[in-house]
Amino acid sequence: MITMEKTLLDLESGMRGTLIRFAGTPGFVRKLRTIGIREGKTLTVVTRHPLGGPVVIEVDGREVTLGRGMAVRVIVDVAT
Amino acid sequence: MKLVVLMGNPNVGKSGIFSRLTGTRVITSNYPGTTVDVSRGKMRLSGTPVEVIDAPGTYSLTPTNPAEEVAAGILAQADLVVNVVDATNLERNLYLTLETLERGVPAAVALNLWDEAGHQGITIDVAALEALLGVPVVPTVGLSGQGIRELVERLGEAHPSETIQPMSEEERWVAVGRITGAVQTIAHRHHTLGDRIAEASIRPVTGLPIALAVIAAAFLAVRWIGEGLISLVFEPLFDLYTPIAMTISDLLGPGVLHEILIGRLFDGEIDYVQSMGLLTTGLFVPLAMILPYIVAFYLVLSILEDTGYLPRLATLADTFFHRLGMHGYGIIPVFLGFGCNVPGALATRVLETKKQRFIAATLMSLAIPCMAQIAMIFGVLGPFGMHYVAMVFVTLALVYVVAGLILNRIVPGECPEIFLEIPPYRMPDLRATATKTWMRVRGFIGEAIPYLFLGILLVNLLYAVGFLDLLSVAFAPVMENWLGIPAGAAVALLVGFLRKDLAVGMLVPLGMSPEQLVIAVTMLSIYFPCVATFVVLFRELGVRGMLAAAGVMVTTALLVGGALRAVLIGF
Ligand SMILES: Nc1nc2c(ncn2[C@@H]2O[C@H](COP(=O)(O)OP(=O)(O)O)[C@@H](O)[C@H]2O)c(=O)[nH]1
Ligand SMILES: [Mg+2]
C-alpha cells in the first residue's frame, strides 16, 4: 500500500488519514491532543465549510470542529 | 471546612453529579462551557459537613481560556478531588486524570455516562482501572443518580495515588495510551442512520437550511407558548384581580399612598401599563407581560441546549462570526443574552482572547435585547403593526454586524480559530429540562420583581421632587433635536439603567408616534446595559474595557438614533 503525506486541510470530505505529526507550537499540540486528536489516530473529514470556514473531523467516534489554520498544521498519512 | 472539588473535561456531567451530591441545583447543558463560574454547595462526608465546588470543565491543567484558569486555580485549594470522567471517551479524559493525580491530592474517579458507554458497546474493566490509577473508581449515571451513593461511600477512602507519579508530558501521553489499552474494549460499531442525520446538521449545504428552520421554529414556539400562557393563564388571573385592586383604590382614596400603590387612574379605571402603581403596573408588567415569554424562552432554550444542537450551530456560524472578530462560539453569549444579558456576559468566558471577549460583550450589550425587553417591545409596538417591531430588530441586527466588522478592525489583539468538541445528540430529559427552566424562571422572578418595584418607587419619588422634569429639560436638545423624540423619553432612558422592560413601558404615556417609539425603543437597547449587566461587564472587562465598551455604546446610540430619525421622520 502506498501512502502519501498531506495536511488535514488537503483532505476532501469523506476522506480519512492517520495522524503522523503536528507542525505547531507545544501549546497547539497539547490543545489538540487533549481533545483526542493524537498521533496514530484515524481522522475522517466530515465536512469543510466554504469561505475559509472550519473543518469538521471525526476521531474515535466524536466530532471536532477546528479552524483551517489549525487543520493545516496537522500532518496525516493518506492511503492511495 | 474541607473542600471537595469536582474536576473534569467539559460536558462530562460534572454539574449533574454536583447537583446529586449537594442537592443544590445548578444548570447542566449538553455543550462544553455551560459552567464558566464556580458553584458551591455542601454535603456530608462520613458525618462531617464539607464544601463542594463544581469547577468549570477543562481538558488540562494548562489553561487556554478564563474558564479553564478558574478550574486550575481551584484545584490548588482542594482537599479532595472527584475527577468526573466521560466513560464513552476514556482515552481523552485520562490526561487530566493523570495530571490531577500527579499533584498528590486525595482523589476518586467517577466514571460517568456509564449508561451511554454501554449503549455504544464500550466496556471498561473498572477494577483494573482502579488498580492502575491507584484511587477509587466508581461507574455513575449522573442523570439517574445510579452509582452516586457508592461514590460518596468510597470518597471516604480517597487518598493520593501511589501508582501515578509526576511525569513529563510525553510520558503522560504514553501512559494514557497504555491504560486505555489495558482496560477498555470497544465493540465495532457501524454508521447508523442517526449518525447520518446528525452529520447533515453540521454540513453547510444541509446544515444551513436546518439551522434556519430550527431558529424559526424556536422563535415561533416562544411566541406561541408565551401568547398561550398570557391568554389562558395570566389575563384571566388579572381579570379576577382588577376588582380587588379597584376596591383597594376606593379604600385608599386620593393621596400619596394611592399614587404609590395604585398610581394614576385613566377615566376612573386602572391602566395596567400606564398607571405606574406598585400593585398595578408593578405586578402586571413582570407577571402578565414578561413572565410568560421568559417561561417560553427558557423552555425552548433548555431543549436546544440539552439536545446538543448549539455547538453545531456554532460551527455553521463560525465563518460569519470570524468576520466580527470572534469565532462560532460567540453565538453562545448571543443565545443566552436573549434570555438575560447577565448570563450572556458571563458566557463570553468561553472565548479565548481579550479581544474576542471584549467584542462579544460589547456587541451583546449593544444589540441583544433581553427577553423582558423584547416582550415589552412586542407589547408596546405590536399594536401599531408588526413591521414596526421588525424595524427595531432589523436595526439591531445591522448594528451587531456593522459594529462587529468595525471593532474587529480597530480592537487590537488576536482572534484564535474555533476549536470545539461536538457533543453527541441526546434526547432532552423531561425532568432535567423542567428543573432547568424553573431555575431560570425563578431567577427572573427573584431579581426582576424587586428591581421593578424599586424602579416604580424611584420614578414616583423623583417625579414628586421634580428631578425628572429637570432631567427632561437638560436632555431636551439631544432628545428633541437629534433623536426627534419627546424630552420626557430621557426619563425612560434613565430608568432603563435600572430595568429596560419598565423603561419601555414608560414610553407609552408620552403619546409618541410609532416611528418615534421605534427610535426610543432602539435607543433603549443600544445606549447602555442595565445595571445588573453593567456590574458583570465591569468585572469581566475591567475598568478600561468597560469604559471603552461604554464609549462604543453611547457613540453607536447617537449615530444610530440620528440615522433612524433621518430615515423615519426626516429633519
Ligand atoms: N445519558 C447520560 N447523560 C448524562 C449523564 N450525566 C450527564 N448527562 C447529560 O450530559 C450533559 C452534560 O452534563 P453537565 O452536568 O452539564 O456537564 P458538565 O459540563 O461537565 O457540568 C447534560 O445534557 C446531562 O443531562 C449520564 O450519566 N448519562
Ligand atoms: Mg457544568
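Residues numbered from 1 in each chain as written. Chains lettered and ligands numbered in written order. Predicted model: local features only at pLDDT ≥ 70, side-chain atom pairs only at ≥ 80, totals over all residues. Heavy atoms only, no water.

1. Points about the overall build of chain A
Part 1 of the argument: Counting its secondary structure elements, chain A contains 2 helices and 6 strands.
Part 2 of the argument: Overall, chain A shows an N-to-C arrangement of helices and strands of β-β-α-β-β-β-α-β.
Part 3 of the argument: With the C-alpha coordinates aligned to their principal axes, the bounding extent of chain A is approximately 35 × 25 × 20 Å.
Part 4 of the argument: Partitioning the contacts of chain A with sequence separation of at least 6, the portion at a separation of at least 24 is 58%.
Part 5 of the argument: Accessible surface, chain A as shown: approximately 3,400 Å² in total, 52% of it carbon and sulfur. (Helix = DSSP H or I, 4+ residues; strand = E, 2+ residues; numbered from the N terminus. Contact = heavy atoms within 4.5 Å. Areas by Shrake-Rupley, 256 points an atom, 1.4 Å probe, with all protein chains shown as cover.)

2. Structural notes on the side chain of T140(B)
Part 1 of the argument: Within the secondary structure, T140(B) is located in the loop between β7 (137-139) and α6 (148-155).
Part 2 of the argument: Each residue touching T140(B), except ones within four places of it in the same chain, is listed here: I17(B), A110(B), L111(B), N112(B), L113(B), W114(B), Q146(B), G147(B), I148(B) and L151(B).

3. Let's talk about the environment of F321(B)
Part 1 of the argument: With respect to the element layout, F321(B) can be found in helix α12 (residues 310-323).
Part 2 of the argument: Residues F321(B) and G404(B), spaced 83 residues apart in sequence, show a C-alpha to C-alpha distance of 8.6 Å.

4. Some remarks on the pairing of strand β3 (residues 48-54) of chain B
All names here are of chain B.
Part 1 of the argument: Sheet analysis places strand β1 (residues 3-8) next to β3, joined by 4 bridges and oriented parallel. For V5, the partnering residue across the bridge sits in β3 and is I53.
Part 2 of the argument: With 7 bridges connecting them, strand β2 (residues 39-45) and β3 associate as antiparallel partners. Within β3, the residue paired with G41 across the bridge is V52.
Part 3 of the argument: Where β2 hands over to β3, the hairpin turn is made up of 2 residues, of which S46 adopts a positive phi near 40°. (Pairing = 2+ DSSP bridges.)

5. Considerations on the pairing of strand β5 (residues 62-66) of chain A
Part 1 of the argument: For β5(A), a buried count of 5 out of 5 residues is recorded, marking the element as mostly surrounded by other parts of the structure.
Part 2 of the argument: Side chains R62(A), V64(A) and L66(A) project from β5(A) onto one buried face, and the interleaved E63(A) and T65(A) project onto a second face that is buried too.
Part 3 of the argument: One ladder, built from 5 bridges, connects strand β4 (residues 55-59) of chain A with β5(A); its direction is antiparallel. Considered in β5(A), the bridge of V56(A) is made with T65(A).
Part 4 of the argument: Linking β4(A) back to β5(A) in an antiparallel pair, the connection comprises 2 residues, with D60(A) at a positive phi of about 50°.
Part 5 of the argument: Relative to strand β11 (residues 419-422) of chain B, β5(A) runs antiparallel, the two being bridged by 4 bridges. Paired with E63(A) across the two strands is I422(B), which belongs to β11(B). (Buried < 20%, exposed > 50% of the residue type's maximum accessible area, 1.4 Å probe, protein only.)

6. Points about the sheet that holds strand β4 (residues 80-86) of chain B
Residues and elements named next belong to chain B.
Part 1 of the argument: What the 6 strands build is an open sheet, ordered β2-β3-β1-β4-β5-β7; its pairing is mixed. Whereas interior strands pair on both sides, the edge strands pair on one side only; in this sheet they are β2 and β7. Going across the sheet, the axis of each strand differs from the next one's by a mean of 25°, ignoring polarity.
Part 2 of the argument: Examined bridge by bridge, β1 and β4 share 5 bridges and lie parallel to one another. Bridging across to β4, M7 finds its partner in N83.
Part 3 of the argument: Along the sheet, α6 contacts β2, β4, β5 (107-112) and β7; its crossing angle with β2, the most-contacted strand, is approximately 75°. (Axes fitted to C-alpha atoms, helices over the stretch in contact; angles between N-to-C directions.)

7. Observations regarding helix α15 (residues 354-367) of chain B
Part 1 of the argument: For α15(B), spanning 14 residues, the distance from its first C-alpha to its last is 20 Å, which sits close to the expected 20 Å at 1.5 Å a residue.
Part 2 of the argument: Counting buried positions over the 14 residues of α15(B) gives 13, a clear majority of the element. (Expected span 1.5 Å × (residues − 1).)

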